[in-house]
Amino acid sequence: MSETPETKPAETKPAETKPAGSIPAQPPVVGAGTPPGLLDRTLDTLRAGWREIAASARGVVGAAPRANLPKEDAERLKEQIEACLEGRGGEVSARARAAQLGRTYLALDGQGRRNFLMMLARDFDVDRTAVDQAMATFQAAGDPVSRGHAERALRRALEPPRLRLLTQFNGLPEGVKFLVDLRAELMEMARGEPLLQALEDDLKSLLRNWFDVGFLEMRRITWDSPASLLEKLIKYEAVHEISGWRDLKDRLDSDRRCFAFFHPRMPNEPLIFVEVALVQGMSDNVQALLDPSAPVCDPKSADSAIFYSISNAQVGLAGISFGNFLIKRVVDGLTGEFPNIKCFATLSPIPGFRRWLDRELAERGDSLLSPPEAERLAEAMTSRPGAGESDLENDVDERPVLAGALALPDWHADEELQKSLRGPLMRLCAHYLTTARASDRRSERPGAAPARALDPVAHFHLSNGARMERLNWLGDRSPKGVRQSCGMMINYRYKLGEIDANHEAYRGEGRVNASSAIRSLGKGGA
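Residues numbered from 1 in each chain as written. Predicted model: local features only at pLDDT ≥ 70, side-chain atom pairs only at ≥ 80, totals over all residues. Heavy atoms only, no water.

- Looking at an unreviewed UniProt entry, one finds the chain named Malonyl-CoA decarboxylase, with Azospirillum brasilense as its source organism.

1. As for the overall build of the chain
So, step 1. Counting its regular elements, the chain contains 23 helices and seven strands.
So, step 2. Considering only contacts within the chain whose residues lie at least 6 apart along the sequence, 75% involve residues at least 24 apart.
So, step 3. Roughly 24800 Å² of accessible area belongs to the chain as shown, and the carbon and sulfur atoms make up 50% of that amount. (Helix = DSSP H or I, 4+ residues; strand = E, 2+ residues; numbered from the N terminus. Contact = heavy atoms within 4.5 Å. Areas by Shrake-Rupley, 256 points an atom, 1.4 Å probe, with all protein chains shown as cover.)

2. Things to note about empty space enclosed by the protein
So, step 1. One pass over the full model with this rule turns up one cavity of 30 Å³ or more.
So, step 2. There is about 70 Å³ of room inside the largest cavity.
So, step 3. Forming the walls of the largest cavity are Leu101, Gly102, Tyr105, Phe116, Leu120, Leu165, Leu166, Phe169, Phe178 and Leu182.
So, step 4. Within the residue set of the lining of the largest cavity, elements represented by two or more residues are helix H4 (91–107), helix H5 (110–123), helix H8 (161–167) and helix H9 (175–189).
So, step 5. A total of three residues in the lining of the largest cavity trace back to one element, the largest contributor, which is H4.
So, step 6. The residue makeup of the lining of the largest cavity, split by class, is nine nonpolar, one polar and no charged. (1 Å grid on protein atoms, 1.4 Å probe; cavity = no way out; pocket = protein on both sides within 12 Å on 5 of 7 lines; lining within 4 Å. Points joined across faces, edges and corners; volume = space filled by probe spheres on them. Nonpolar A, V, L, I, M, F, W, Y, C, P; charged D, E, K, R; others polar.)

3. Some thoughts on the pairing of strand E5 (residues 343–346)
So, step 1. The alternating pattern of E5 places Cys343 and Ala345 on one face and Phe344 and Thr346 on the opposite face, and all of these are buried.
So, step 2. Read from strand E4 (residues 304–312) through helix H14 (residues 323–337) to E5, the crossover connection turns out right-handed. (Buried < 20%, exposed > 50% of the residue type's maximum accessible area, 1.4 Å probe, protein only. Right-handed = clockwise from strand over helix to strand, strands pointing away.)

4. A closer look at the pattern of salt bridges
For side chains bearing opposite charge, pairing can occur when the charged atoms are close.
So, step 1. Summed over all chains, the structure comprises 27 salt bridges.
So, step 2. The salt bridge involving Asp125 is made with Arg128; its shortest N-O contact spans 3.3 Å.
So, step 3. Salt bridges here are not isolated pairs; linked through shared partners, they connect Arg66, Glu72, Asp73 and Arg76. (Salt bridge = Lys/Arg side-chain N within 4 Å of Asp/Glu carboxyl O.)

5. What to know about the packing of helix H15 (residues 353–364) against helix H19 (residues 415–435)
Two numbers describe a pair of packed helices, the interaxial angle and the distance between the axes.
So, step 1. Interaxial distance between H15 and H19 falls to 11 Å at its minimum, and their mutual angle equals 105 degrees. As summarised for this structure, H15 and H19 are arranged roughly perpendicular, according to the angle between their axes. Of the residues in H19, those in contact with Phe353, Trp356 and Leu357 of H15 are Leu425, Leu428, Cys429, His431 and Tyr432.
So, step 2. By residue class, the composition of the contact of H15 with H19 is seven nonpolar, one polar and no charged. (Axes fitted to C-alpha atoms, helices over the stretch in contact; angles between N-to-C directions. Parallel < 35°, antiparallel > 145°, perpendicular 65-115°, else oblique.)

6. A few points about the confidence of the model for the chain
So, step 1. Confidence in the prediction of the chain, expressed as mean pLDDT, is 86, and 83% of residues score 70 or more.
So, step 2. Below pLDDT 50 for its whole length, residues 4–17 participates in 47 contacts with residues either more than four positions away or in separate chains.
So, step 3. Note that residues 19–39 has pLDDT below 50 and, in this model, 57 contacts with residues that lie over four places away or in other chains. (pLDDT = per-residue confidence, 0-100.)

7. Brief notes about helix H22 (residues 499–509)
So, step 1. For H22, every residue scored as buried is listed here: Ile499, Asn502, Ala505 and Tyr506. On an axial view of H22, the arc spanned by its buried residues comes to 135 degrees, and they lie on one face. Set apart from the buried face of H22 by more than 90 degrees, the exposed residues are Asp500, Ala501, Glu504, Gly508 and Glu509.
So, step 2. A positive backbone phi angle near 75 degrees is found at Gly510, which sits one or two residues after H22. (Arc of directions from axis to C-beta.)

8. Brief notes about the environment of Ser516
So, step 1. Position of Ser516 among the secondary structure elements: in helix H23 (residues 516–522).
So, step 2. Residues Ser516 and Arg470 lie 46 residues apart in sequence; the distance between their C-alpha atoms is 9.3 Å.

9. Looking at the nonpolar core
So, step 1. By size, the foremost hydrophobic cluster in this structure holds 112 residues, and its most contacted members are Phe211, Phe353, Trp411 and Leu425.
So, step 2. Counting residues per element, this core draws most heavily on H19, at nine residues.
So, step 3. What Leu425 contacts, discounting residues up to four positions off in sequence, is Phe353, Leu357, Leu402, Leu406, Trp411, Trp473, Cys486 and Met488. (Core = buried A, V, L, I, M, F, W, Y, C linked by side-chain atoms within 4.5 Å.)

This is the structure we're talking about:
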């Protein structure tokens, strides 16, 4: 899980090749063009790689369907899928047919892909008549041996044929990557469509088994890693955007570390990666941490490892968690490499705070503030340069004073105003982090797990056994940081001897482990 999951658009043109030991004059183009997924360069390579495999199936497949896959073309494709499932001609032929089906899907337009997936969901689901018969046989079985046979037959009947088809892609070059990106597309299409949602659930279950953490390899990424891999770091970074090659080189310097999980069937594609700064003391400001003009520290003198970015690289693996295992492996590795490091902590965003605060302001207005806080803030607002009659002529004075202050685009740059805001915003943010819960009906059922923390990053780190350590005022002054969390950031600390107990307390009882400093901040409530 990235700390703020989001998908960046793919490059519209290839980036310049990274010369060894140097920095290209221009960074790769990021942030324009078509979204990443089945149209990116990896799958362009996949098309070419499957061409030869699919060639042997062309005599069976016939003419390629039209891009929008009309009904008559879909019927022909359905016959091809049935042939694929029946295994006519043996394993090699089935593999060739799977490759040709994959190439066919990649050649379809958006409507054609939707038609393809609807056909797969509708016509290759579980045979319910066969399930009823298998259940009747199981219930009628009178001895353990018969029940065992009947149970296995029932299991087979409950497996939809489409799962067997999808499994055949596992043996193709880049076939697993194809399925991961297929699920990313399917997740978008499945909203409000039960048939596609069932297909997406099947694919998620398949991928969860294939991406068990025991199959994953952790690798360190350095400036000497292949340029194609470094490009992907720039593309997939979801927390603090990498502005180009020089920025990336700084993040891979001697006092920095980057680690990623890889799957053996996707050896050149990071699944999730974490960026770490080796520093003295617990960092409280991300701009200072990423300052390109800051001197490089001797990593052997560092006493703290700061995890400042954790990014999921594959949208199609959403809901399949392995970020907690990555953090634990990185901690183990750094402990062995740098015995002086005693503090393992994050410098994390608080992506849900401003949304929560806006809802509270809409409902409760300035009752969120104590009378002295409201008085100080109103005084700071009226004493601003340029404030006066022009404000009174507008509707600014009709809004709660806190909402009016936060509506000013440069409030965080006004020394007096941000001083007046610091106390109430820090208090409200601590209250949000420690008490706000996500609404989940499942948590209301008897014996169900407690409701999770509302903030997604808080939930991620609390689930992993971290403690809320310190709230940092204006720790991220970027537009994104101000927009999401009023510029605040938080350190989650991983104490090796407490991780398991913290994890159990949160997952089992819903208890948030927070330092006395954060507890004190939040005592005033909201």
